[in-house]
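Chains, contacts and geometry: an overview
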Amino acid sequence: MRMLQNLTSDLRFAGRLLRKNPVFTAVAVIVIALGTGAVTTIYSAMNAIALRQLPATTDGSRLVGLRRTEANGRAGISASEQFVAHLRDRSRTLNDVAAWSRMSLALATGGGGEAHALNGNIVSGNFFSVLGVRPALGRFFLPEEDSIPLMHPVVVVSHAFWSSALGGDSAAVGRAATVNGHPYRIIGVAPPGFRGVFTPLKIDAWVPLMMHAQVRPTRGATEHTPWLWAFGRLADGVDHEAARRELHLLTAAYSAASGEPARYAANTSVSVAPLTGLPEDARSDFLGFMAVLLGAATLVLLIASVNVASMLSARAVARRGEMALRTALGAARGRLVRQLLTESVALFVMGAVGGVVVAWLATSAFERVYIPSSDGLSLELTPDPSVLAFALIVALATGIVFGLAPALQGAEKNITLRLRSESAAGGARRSFFGNALIVGQLALSLVLLVTAGLFMRALSYGARVDPGFERAGVLVMSFNSESWGYDSTRARAFYGAVRDRVAALPGVTAAAYSERVPLTLSNSADRVEIGAGDGTIDTVQIAFAKVTAGFFDVLRIPLLRGRAIAATDVASAPMVAVVNERFAQRYWPDGSAVGRTFGYRGRTATVVGIARDAKYASLTEPAAPFAYFSMDQMWQHRHSLLVLGTADPRQLAHGIQDAVREIDPALPRPAISTMLDETSIALFPQRVAAIVTAVLGGVGLLLATVGLYGIIAYSTSRRSKEIGIRMAIGARRADVLGMIVREGMRLAGTGVVIGLVLAAGATRLMMKFLFGVSPMDAVTFAGMSALFIGVALLASYLPARRAAAADPMSVLRSD
């Protein structure tokens, strides 16, 4: 009780002192807010995407993601319907197991009209109940709606879709709708903020798993096909390891007895991980990337904290008389330290509140950053209560750590030393402490600048990498005829009509379809059989794409030999393929690959052409075997139309949309982007890192520069008498200017040396994100050091110029 009373008394006294010094308080709080805001912003993004429990779920700590893996934990696959049912029926460590998968949906309401193109999920009937999500309106799926295909299909919509597309009308529940060309009924609205299990992807509708034959009619039998993401809820008292051991045994038994295809038999175990907004493998990569940014933000916090520590140290010197008097009146040193430390912590807590505001503004800005993806990725990064708790913990920790030294300095036990603080010894101690703090700030800010410079260099290098195809002037739009309820015959007719109409538009040079757009993180791979020279068959895995005639013309990929995929390569014609240089060199090094054959899915493909190597999955990938197949011979409903044009892209986009609408007015209006925008996702991490570290580096440099300016100005003011005497006995203004500037540059030089050493170690942690750029890049280190020295020179020159311009007689009279 007495401790609480003392703390309350200290806080009231600290509050009065801070109110009496509003300028000092405001500056300190702003500096701390910048530092804590930097760290809190990065943590808020990490928390929102990969750490916190899923929004709107109940007891999310008991939810676990399940991924079938090999016994060593590597090479995982997703789950099949039969596998999910096996775990659900036999597991005792899990209360229940649910599953989901992504799909494209076209949803129309109100008796027809244009449909909405939505990102949707097809989910098991217990999807919402396992998550513990409650509907905002209506209901979710019933158990019987997960057992047999429904005579009257139902759909659940998101709160955002209900608010925007359905006008927030409560009568929308029960309303008829058309989903992928079939009649459905809206039965419920999900709660606000619920975005599904993969939170970076905005999901607007959910349909029952048992309707997959209707909404995904081209997939055929899926009982043993791994196409679902599975998750479960741990039983009470069960931890992750206990669940993993049981599920390992269940999976091994399933693999041995299920009758599934042999290619899945090696996956005899299951990984069990907390269910957050990202799958386990993506989560680890994301957290690794964010850890780099969090480290940079921590440097800003350290710089800000050191800056405030310098201010507190100077304030402690100014209050030496007060502390001496309180000691003389009987105050113990511990009591004084506690009071001074309380004031420091109060400042840092106030700054943390400001830091949360900074984080809220920064995350709001990040949410509006364009993400180059046709998958509908969007971010929801708003800080939650755990972020506020994090900010307060950081503030308390930094307040104690960086407030302790000034508090000990201010509560110096020897009263005589405090009263003799104007002595040379006292001044030297304070000067050494202040200089050390400034050197620390300068070194840390240089580390930030080098980090930002390396990411900018990596971004610049990536932009210059030749992907092997031309992106300029190419428009991209994606279609999925399955989501419109089209069968293959109708879809083929639609795609042919669209291509013909678009190719006839003024300003269009060429148009073609591709299964996937290169450099958009959506590559495909499969196994092929290639005859070896000794008569044996080698089974190898290659990446591939399905394309139509004109593809190589649109992307201007040179053909080195043979021909391209042609319009005559239809389903009834012999199967053909165009391979890249690496494919031909690796498997047929003794001669031309044209005319050679290889096996794929029970068919024989003849190589009709060799194309130049290109980048397909990422800009960093080495050249690897790649094959292009005829889309007409390997039909699928998902097409991306690539259009090369010479006309204004905006006018061309309107013409393409009008052409689609003329063919079928009920279809969703296609989203059209440029190839440059689509492929920029390949550099998105580097772009984000460059922006974030540049901002953090600028803030860190500003704080360090202000600190250097402050200590030089303070040192100059304390030496005004000495400077006056020097000038009175003949020193020139240039001599005084040089003397003071040299003092500042000694500090800056020391900071550069220490900063370069720290940067050399820190940048090695970023190596995997710096493709094409060495973490010890000499240009970056030299350029950022030069920038740093230039700013430090300015910060030293300004107080030096003012001191050199002073009239020596006026200075001496004032002393």
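Everything numeric here is computed off the predicted structure, so don't read it as measured data.

Let us now look at the overall build of the protein. Scanning the protein from N- to C-terminus turns up 23 helices and 21 strands. Split into buried and exposed, the 815 residues of the protein put 51% on the buried side. Long-range contacts, defined as pairs at least 24 residues apart, comprise 81% of the intrachain contacts of the protein with a sequence gap of at least 6. A total accessible area of about 35500 Å² is found for the protein, and carbon and sulfur atoms account for 60% of it.

On to the pairing of strand E18 (residues 603–611). Across three bridges, the pairing between strand E15 (residues 559–562) and E18 is antiparallel. Pairing of arginine 561 across the sheet is with isoleucine 610, part of E18. In the sheet, strand E16 (residues 576–580) pairs with E18 via five bridges, with the strands oriented parallel. If you follow valine 579 over to E18, its bridge partner there is isoleucine 610. What sits between strand E17 (residues 597–600) and E18 in their antiparallel hairpin is a turn of two residues, with arginine 601 showing a positive phi close to 50 degrees.

A full pass over the atoms with the stated rule returns 34 aromatic pairs. On the numbers, 5.7 Å between centres and 75 degrees between planes, the contact of phenylalanine 128 with tryptophan 206 is edge-to-face. Here the residue phenylalanine 128 occupies a position in helix H4 (residues 127–131), and tryptophan 206 occupies one in strand E8 (residues 205–208), the gap between them amounting to 78 residues. Neither phenylalanine 128 nor tryptophan 206 differs from the other in exposure class; each is buried. Plain terms: the ring middles of tyrosine 616 and phenylalanine 626 are 3.6 Å apart, the flat faces sit at 10 degrees to each other, and that makes the pair stacked.

Turning to helix H7 (residues 240–257), a few remarks are in order. Counted at 1.5 Å a residue, the expected span for H7 with its 18 residues is 26 Å, and the 26 Å between its end C-alpha atoms agrees. Contacts from the buried residues of H7 go to strand E1 (63–69), helix H3 (81–90), strand E2 (94–109), strand E9 (229–234) and strand E10 (269–274).

To continue, consider a nonpolar patch on the surface. Where nonpolar side chains cluster on the molecular surface, the patch consists of Val753, Ile754, Val757 and Leu758 and spans about 350 Å² of accessible area. In this structure, valine 753 sits in helix H21 (residues 733–762).

About the thresholds
Residues numbered from 1 in each chain as written. Predicted model: local features only at pLDDT ≥ 70, side-chain atom pairs only at ≥ 80, totals over all residues. Heavy atoms only, no water. Helix = DSSP H or I, 4+ residues; strand = E, 2+ residues; numbered from the N terminus. Buried < 20%, exposed > 50% of the residue type's maximum accessible area, 1.4 Å probe, protein only. Contact = heavy atoms within 4.5 Å. Areas by Shrake-Rupley, 256 points an atom, 1.4 Å probe, with all protein chains shown as cover. Pairing = 2+ DSSP bridges. Phe/Tyr/Trp six-rings, centres within 6.5 Å; stacked < 30°, edge-to-face > 60°. Expected span 1.5 Å × (residues − 1). Patch = residues over 30% accessible without salt bridge, like charges linked within 9 Å, V, L, I, M, F, W, Y side chains within 5 Å. Salt bridge = Lys/Arg side-chain N within 4 Å of Asp/Glu carboxyl O.

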